[in-house]
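Working through the structure, step by step
Below, each chain spelled out in residue letters.
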Amino acid sequence: MGNGLGMTRIRVVYDCLIPNGVASEKDVTEWVAFHHKVGGISNNNPLYEVAPTPIADAIGWGTVGVEQ
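Residues numbered from 1 in each chain as written. Predicted model: local features only at pLDDT ≥ 70, side-chain atom pairs only at ≥ 80, totals over all residues. Heavy atoms only, no water.

**Brief notes about the overall build of the chain**
Counting its regular elements, the chain contains one helix and two strands. For the chain, the sequential pattern of α-helices and β-strands runs β-α-β. Relative to the 2.2 N^0.38 estimate, which gives 11 Å for 68 residues, the radius of gyration of the chain is 15 Å and therefore markedly larger than a compact globule would have. The buried share of the chain, taken over its 68 residues, is 10%. Sequence-distant contacts in the chain: of pairs separated by 6 or more residues, those separated by 24 or more amount to 61%. Split by element, the accessible area of the chain, about 5,500 Å² in all, is 54% carbon and sulfur. Counting 4 positive and 7 negative side-chain charges, the chain places the averaged centre of each group 9 Å from the other. (Helix = DSSP H or I, 4+ residues; strand = E, 2+ residues; numbered from the N terminus. Rg over C-alpha atoms; globule rule 2.2 N^0.38 Å. Buried < 20%, exposed > 50% of the residue type's maximum accessible area, 1.4 Å probe, protein only. Contact = heavy atoms within 4.5 Å. Areas by Shrake-Rupley, 256 points an atom, 1.4 Å probe, with all protein chains shown as cover. Lys, Arg positive; Asp, Glu negative; His and termini not counted. Charge placed at Lys NZ, Arg CZ, Asp CG, Glu CD.)

**Let's talk about the side chain of Asn45**
Position of Asn45 among the secondary structure elements: in the loop between helix 1 (25–35) and strand 2 (59–67). Of note is the side chain of Asn45, whose polar atom sits 3.0 Å from the backbone oxygen of Asp27. A distance of 2.7 Å separates the side chain of Asn45 from the side chain of Glu30, its partner in a polar contact. Setting aside its immediate chain neighbours within four residues, Asn45 contacts Asp27, Glu30 and Trp31. (Polar contact = N/O pair within 3.5 Å; in protein donor to acceptor, adjacent residues only side chain to side chain.)

Here it is, written out as structure tokens:
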């Protein structure tokens, strides 16, 4: 960012719902990465058309560290 102040790294955690029994752990990992713009998703993924909708009272975050 060029301001010389570094960046604070945070971890965001939220709960959301997905259909029971339709996706493997790999499918869910791919889905999460895709919706957070750090990966792609196959159109064969059973979650392909499911949007991750955070549950309002189940959102949290915390500071992980500072990066220079």
